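What follows is each chain in one-letter form.
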Amino acid sequence: DFAGGPAHGPGTPAPPSLTPDGPIGPWSDAELTRALRTGVRPDGRRMDPAQMPWTMTAAMTDVELEALVRFLRSLPAAPTSS
């Protein structure tokens, strides 16, 4: 459901919701695309590749990233699951 959840083990980050209720909800499509390509959030902080494997999305074409952003925007809102 892309609503995140608990950490997968000790010392690992909990995955956040990728729905409109999650941290990426207020980001513009351009900011989300840039973050998926560079691993840098709109506020300038680097994303943790263990939490968001942006190195995989960095290699996507513009068309693939546009499709991914559209898909994420289509998800129903859901706060991070526990």
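Residues numbered from 1 in each chain as written. Predicted model: local features only at pLDDT ≥ 70, side-chain atom pairs only at ≥ 80, totals over all residues. Heavy atoms only, no water.

Draft legend 1. Region of interest: helix H3 (residues 62-74). End to end, H3 covers 18 Å across 13 residues, agreeing with the expected 18 Å (1.5 Å per residue, within 8%). Among the residues of H3, Leu-65, Val-69 and Leu-72 are the ones counted as buried. End-on, the buried residues of H3 take up no more than an arc of 65°, which puts them together on one face. Exposed positions of H3 whose direction lies more than 90 degrees from the buried face are Val-63, Arg-70 and Ser-74. (Helix = DSSP H or I, 4+ residues; strand = E, 2+ residues; numbered from the N terminus. Expected span 1.5 Å × (residues − 1). Buried < 20%, exposed > 50% of the residue type's maximum accessible area, 1.4 Å probe, protein only. Arc of directions from axis to C-beta.)

Draft legend 2. The nonpolar core, seen in detail. Formed by Ile-24, Trp-27, Leu-32, Ala-35, Leu-36, Met-47, Met-52, Trp-54, Leu-65, Val-69, Leu-72 and Leu-75, the largest nonpolar core amounts to 12 residues. For this core, the secondary-structure elements that each account for two or more residues are helix H1 (29-38) and H3. When residues no more than four places from it in sequence are discounted, the contact partners of Ala-35 are Trp-27, Val-40, Met-47 and Trp-54. (Core = buried A, V, L, I, M, F, W, Y, C linked by side-chain atoms within 4.5 Å. Contact = heavy atoms within 4.5 Å.)

Draft legend 3. Spatial organisation of the packing of aromatic side chains. The full count for this structure, using the stated rule, is one aromatic pair. Look at Phe-2 and Phe-71: their rings are 5.2 Å apart centre to centre, the planes differ by 75°, and that puts the pair in the edge-to-face class. You can see Phe-2 sitting in the segment before H1 and its partner Phe-71 sitting in helix H3, a full 69 residues away along the chain. With relative accessibility at 35%, the residue Phe-71 sits in the partly exposed group. (Phe/Tyr/Trp six-rings, centres within 6.5 Å; stacked < 30°, edge-to-face > 60°.)

Draft legend 4. Broad picture of the side chain of Thr-57. Locating Thr-57 in the fold gives a position in helix H2 (residues 54-57). Side-chain polar atoms of Thr-57 contact the backbone oxygen of Trp-54, separated by 3.0 Å. Leaving out residues up to four positions away in the same chain, Thr-57 has contacts with Leu-36, Met-52, Leu-65 and Leu-68. (Polar contact = N/O pair within 3.5 Å; in protein donor to acceptor, adjacent residues only side chain to side chain.)

Draft legend 5. A look at the environment of Pro-20. By the element assignment, Pro-20 lies in the segment before H1. Here the alpha-carbon distance between Pro-20 and Thr-55, two residues 35 residues apart in the chain, equals 22 Å. Not counting chain neighbours up to four residues away, the residues in contact with Pro-20 comprise Gly-25, Leu-72, Leu-75, Pro-76 and Ala-77.

Taken by themselves, the reported measurements are silent on function.
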